[in-house]
Amino acid sequence: MLYDTFNEYEANRARKRLEWLIGRNALVEIKDKSRFTVSQNSYLHVCIGIVALETGVTLEYAKQKYFKRIANREMFYIGKFTDPVTGEECGKWRSTASLTKEEMTLALDRWRDWAARQGWYIPTPEEHAAILQAKIEMEKNKRWL
């Protein structure tokens, strides 16, 4: 679970959770999640998560359908292939892992623009507090994502 200890309410929740875990003699790992550095991949995950939360779909669905097929189709669509079992014609899509840093930046810019046209705000990478809040909301709702 992520807790923003800058926020007193969240800090108290973190203390209570830790005390509960200690009471259960649990094995616990505490990490400092820096609020000032966000990798592109982590940022992409949050951006997709915001739309997934807004629409009620899974992260994977939002990534495949909205991020790749709608907002960035020309970047991800490779071509068609025939399924060897069903004979169905399917689309072949590029992996986000194959993108260069520049391509990822462009894909993220297009994604934020597309989301804005739908009425959803996605923070820029510099908006650390908004990104952190989105991560917290995603963590709270992870069983549905």
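Just above sits the structure.
First, a word on what this report is: a plain description of the structure on this page. Everything numeric in this text was worked out from a predicted model, so none of it was measured.

**Some thoughts on the nonpolar core**
- One finds Ile-48, Val-51, Tyr-66, Phe-67, Trp-111, Trp-114 and Ile-122 to be the most contacted residues of the largest nonpolar core, which totals 29 residues.
- At the level of secondary structure, the elements contributing two or more residues to this core comprise α2 (40-55), α3 (59-71), α4 (73-76), α5 (101-118) and α6 (128-140).
- In terms of residues, this core owes the most to one element, α2, which gives 8 residues.
- In contact with Ile-48, other than residues within four places in its own chain, are Leu-59, Ala-62, Lys-63, Phe-67 and Trp-111.

**Focus on the pattern of salt bridges**
- According to the stated counting rule, one finds 8 salt bridges in the structure shown.
- The shortest N-O distance in the salt bridge between Glu-89 and Lys-80 comes to 3.5 Å.
- In this structure Glu-89 comes out as exposed when scored by relative accessible area, which is 52%.
- Take Lys-80: its relative accessible area is 61%, and that puts it in the exposed class.
- Linking Glu-139 and Lys-142 is a salt bridge whose minimum nitrogen-to-oxygen distance equals 2.9 Å.
- Classification of Lys-142 by relative accessible area gives exposed; the value is 54%.

**Topic: the pairing of strand β1 (residues 77-82)**
- Sheet topology places β1 next to strand β2 (residues 89-93); 5 bridges connect them, and they run antiparallel. The partner of Tyr-77 across the bridge, within β2, is Trp-93.
- Between β1 and β2, which follow one another and run antiparallel, lie 6 residues, and Gly-87 among them has a positive phi close to 80°.

**Looking at the packing of aromatic side chains**
- The full count for this structure, using the stated rule, is 7 aromatic pairs.
- The interplanar angle of 15° and the centroid separation of 5.2 Å between the aromatic rings of Trp-111 and Trp-114 together place this pair among those described as stacked. Here Trp-111 pairs with Trp-114, and both are found in helix α5, just 3 residues apart, close to one helical turn.
- Given a relative accessible area of 0%, Trp-111 falls into the buried group.
- Through pairs of rings, three or more aromatic residues link up here, namely Tyr-61, Tyr-66, Phe-67, Phe-76, Trp-111, Trp-114 and Trp-120.

**Digging into unusual backbone geometry**
- If you check the backbone angles, Asn-25 has positive phi at about 55° while not being a glycine.
- Inspection of the secondary structure puts Asn-25 in the loop between α1 (8-23) and α2.

**Quick look at a nonpolar patch on the surface**
- Residues Leu-18, Ile-22, Val-28 and Ile-30 make up a contiguous nonpolar surface patch of about 360 Å² in total accessible area.
- Of note, Ile-30 is situated in the loop between α1 and α2.

**Section: the packing of α3 against α5**
- α5 packs onto α3 with a crossing angle of 100° between their chain directions and a minimal axis gap of 10 Å. The angle between the axes of α3 and α5 places the two elements in the roughly perpendicular class. Packed against α3, whose contacting residues are Ala-62, Tyr-66, Phe-67, Ile-70 and Ala-71, the element α5 presents Ala-107, Arg-110, Trp-111 and Trp-114 at the interface.
- Taken together, the residues that form the contact of α3 with α5 break down as 8 nonpolar, no polar and 1 charged.

What counts, and at which threshold
- All residue numbers here refer to positions counted from 1 along the written sequence of the relevant chain.
- Residue-level local features of this predicted model are given only where pLDDT is at least 70; pairs of side-chain atoms are given and counted only at 80 or more, and the full residue set underlies all totals for whole chains, interfaces and linings.
- The side-chain figures draw on all heavy atoms in the structure; neither hydrogens nor water molecules are used.
- For this analysis, a nonpolar core means a set of buried residues of the types Ala, Val, Leu, Ile, Met, Phe, Trp, Tyr and Cys, connected via side-chain atoms within 4.5 Å.
- Burial classes: relative accessible area under 20% of the type maximum marks a residue as buried, over 50% as exposed, and values in between as partly exposed (1.4 Å probe, protein chains only).
- In this text, helices come from DSSP runs of H or I with a minimum length of four residues, and strands from runs of E with a minimum of two, each type numbered from the N-terminal end.
- Any two residues having at least one pair of non-hydrogen atoms within 4.5 Å are treated as being in contact.
- Salt bridge, as used here: a side-chain nitrogen of Lys or Arg that lies within 4 Å of a carboxyl oxygen of Asp or Glu.
- Note: two strands are recorded as paired if DSSP finds a minimum of 2 bridges between them.
- Any Phe, Tyr or Trp ring, taking Trp's six-membered ring, that has another such ring centre within 6.5 Å forms a pair; planes under 30 degrees apart are called stacked, those over 60 apart edge-to-face, and the others tilted.
- Residues qualify for a patch when their relative accessible area is over 30% and they have no salt bridge, like charges being joined within 9 Å and the nonpolar side chains of Val, Leu, Ile, Met, Phe, Trp and Tyr within 5 Å.
- Only the protein chains shown count as cover for residues, and the accessible areas themselves come from Shrake-Rupley with a 1.4 Å probe.
- Axis geometry follows a simple rule: fit a line to the C-alpha atoms, using only the stretch in contact for helices, then measure angles between N-to-C directions, giving values from 0 to 180 degrees.
- With respect to orientation, any angle under 35 degrees is reported as roughly parallel, any angle over 145 as roughly antiparallel, any angle of 65 to 115 as roughly perpendicular, and every other angle as oblique.
- Classification used: nonpolar for Ala, Val, Leu, Ile, Met, Phe, Trp, Tyr, Cys and Pro, charged for Asp, Glu, Lys and Arg, polar for all others including Gly.

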